[in-house]
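Results of the structural survey
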Amino acid sequence: MATLEPVAALVLRLRQRRGKEDPTRLAERRGFPGRPRPEGRIAWVHGASIGEIVSLLPVMERLTRRGFTVLVTSGTVTSAKMITRRLPPRALHQFMPLDVPRYIRRFLNHWEPDLVLVAESELWPNMISEIHDRGIPLILVNARLSERALRRWRRFPRSARHLLQSFDLCLAQSKADAERLATLGAPRVNIAGNLKFDVPAPPADASSLATLTGLIGDRPVWVAASTHSGEEEMVAAAHRMLLAYKPDLLTVIAPRHPERGDAVAEIVRRAGLTVAQRSHGLLPDRHTDIYVADTVGELGLFYRLATVAFIGRSLVPLGGQNPIEPAKLGTAILHGPYVHNFADVYAAIDRRDGAMPISDEESLARALALLFSDAARTRSMARAAAATVEELGGAVERTMDAIEPYILQMHLEARV
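Scope of this entry: the structure provided in the associated data block.

Calculation notes
Residues numbered from 1 in each chain as written. Predicted model: local features only at pLDDT ≥ 70, side-chain atom pairs only at ≥ 80, totals over all residues. Heavy atoms only, no water. Helix = DSSP H or I, 4+ residues; strand = E, 2+ residues; numbered from the N terminus. Rg over C-alpha atoms; globule rule 2.2 N^0.38 Å. Buried < 20%, exposed > 50% of the residue type's maximum accessible area, 1.4 Å probe, protein only. Axes fitted to C-alpha atoms, helices over the stretch in contact; angles between N-to-C directions. Parallel < 35°, antiparallel > 145°, perpendicular 65-115°, else oblique. Left-handed = near helix turned anticlockwise from the far one by under 90°. Contact = heavy atoms within 4.5 Å. Nonpolar A, V, L, I, M, F, W, Y, C, P; charged D, E, K, R; others polar. Expected span 1.5 Å × (residues − 1). Arc of directions from axis to C-beta. Patch = residues over 30% accessible without salt bridge, like charges linked within 9 Å, V, L, I, M, F, W, Y side chains within 5 Å. Areas by Shrake-Rupley, 256 points an atom, 1.4 Å probe, with all protein chains shown as cover. Salt bridge = Lys/Arg side-chain N within 4 Å of Asp/Glu carboxyl O. Lys, Arg positive; Asp, Glu negative; His and termini not counted. Charge placed at Lys NZ, Arg CZ, Asp CG, Glu CD. 1 Å grid on protein atoms, 1.4 Å probe; cavity = no way out; pocket = protein on both sides within 12 Å on 5 of 7 lines; lining within 4 Å. Points joined across faces, edges and corners; volume = space filled by probe spheres on them.

What about the overall build of the protein chain?
- Assigned secondary structure in the protein chain consists of 18 helices and 14 strands.
- In terms of C-alpha radius of gyration, the protein chain reaches 22 Å, essentially the compact-globule figure of 22 Å for 416 residues.
- By principal-axis analysis of the C-alpha atoms, the protein chain measures approximately 75 × 45 × 45 Å.
- In the protein chain, buried positions account for 53% of the 416 residues.

Quick notes on the packing of helix α5 (residues 101–111) against helix α6 (residues 125–133)
- In contact at an axis separation of 9 Å, α5 and α6 are set at 45° when each is read in the N-to-C sense. The orientation of α5 relative to α6 falls into the category oblique. By crossing handedness, the relation of α5 to α6 is classed as right-handed. Contacts between α5 and α6 involve Pro 101, Ile 104, Arg 105 and Leu 108 from the first element and Asn 126, Met 127, Glu 130 and Ile 131 from the second.
- Residue classes in the contact of α5 with α6 are distributed as five nonpolar, one polar and two charged.

What about helix α1 (residues 4–17)?
- For α1, with 14 residues, the first-to-last C-alpha span of 20 Å sits near the 20 Å given by 1.5 Å per residue.
- Inspection of α1 places Glu 5, Ala 8 and Leu 12 among the buried residues, and these make up the whole buried set. Down the axis of α1, the smallest arc covering the buried residues is 55°, so these residues share one side. Seen from the open side of α1, the exposed residues pointing more than 90 degrees away from its buried face are Pro 6 and Arg 17.
- Phi turns positive one or two residues past the end of α1, at Gly 19, with a value near 75°.

Details of α6
- The complete set of buried residues in α6 reads Asn 126, Met 127, Ile 128, Glu 130 and Ile 131.
- Structurally, α6 contributes buried residues whose contacts are with α1, β1 (42–46), α5, β4 (115–119), β5 (138–143) and α8 (157–165).

Quick look at a positive patch on the surface
- Taken together, the side chains of Arg 148, Arg 151, Arg 152 and Arg 155 make up a positively charged region of the molecular surface.
- Given the relative accessible area of 43%, Arg 152 is considered partly exposed.

Quick word on the layout of surface pockets
- For the second largest pocket, the calculated volume is near 920 Å³.
- Of all elements in the fold, only α7 (147–153), α9 (175–184) and α15 (343–351) reach the threshold of two or more residues within the lining of the second largest pocket.
- Here the lining of the second largest pocket gets five residues from one element, more than from any other, and that element is α15.

What to know about the pattern of salt bridges
- On inspection of all chains with the given rule, the structure shows 18 salt bridges.
- Residue Glu 5 is joined to Arg 102 by a salt bridge in which the shortest nitrogen-to-oxygen separation is 2.9 Å. Here Glu 5, found in helix α1, pairs with Arg 102, found in helix α5; they are 97 residues apart in sequence, far enough to count as distant.
- Classification of Glu 5 as buried rests on a relative accessible area of 16%.

This is the structure in structure tokens:
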């Protein structure tokens, strides 16, 4: 396995060149600690990126109440920037080491976690094997496994079974996820629901909200959130179609990857529209057609400013992004046809008429025109989405109930 290290070093160098690693914290990716280990019990909580980490925030807060220091790991620069502003007291962030045996052992030797929670589908073989071999309770939380992922894992049935049998418990988001995990060999599977429904609405800086509210005034405003390559052209085209109807329209584009901000601004210019970029310190004025919100952790701000939100990664075949945050903030939701990553969530909201499906720039423009002309319809959609999300909550309580026996066992062992 030592042969993995040269490859890992090359991967880190390439990622750093592309701006996907923090050069000041690169050692963490090789398992070197970025800070001393706190005294007492540590719960290690891992999620791949922003969505997974945010969904775990209520669980982290509950664990700190039970006396744990929470060690949070993730693998992206954007998640690190965002989570450090939202962590509860007694929680700290480190980058997840690459899945190289020596890196994982170095990480575990320093932090010595007493409990490990891994989110969704983060199945790293060396990490899982090392945790299991050390006898540390290992729980897969908010677990999901799509049909597509199931087909991939079925090509390697022994590996899948070995990995999943290393978990003490798997807490699935849905019955379908639970059945797929059991099919692959997970021996202990419970259904806890989707933690994302219990995440508090994303925060917004009060002064920024007041400033932008004053600048926008009574202009109609909508946000295209978490967009990916191929969608910004459609958003710009929809804006152009609406100008004859709403000449003072303000469109906000918040790309999923903020480093694409310059490229998104260029797309807007090529469409013949005026643009301002937030990462350049600019604010929208009355001449701005499209405001590019290419910053980290500010979607809560723009959902509060907009009456309608299009949730990206859904007009291109990438599976969609999470609609729960705009639903919690009272925003009417539009989405494309490709939402298989959050199929159950969208199906529930769509059934209650809390969201409106669209398929291209023309249907996007028509949906926006309808909602801007019918405030009652817009409010009704927003209320339905919020009510659906509220009803589907409760996963945090079920998750903590399932984890409780492991916490009690630690307390009993500490008394012996």
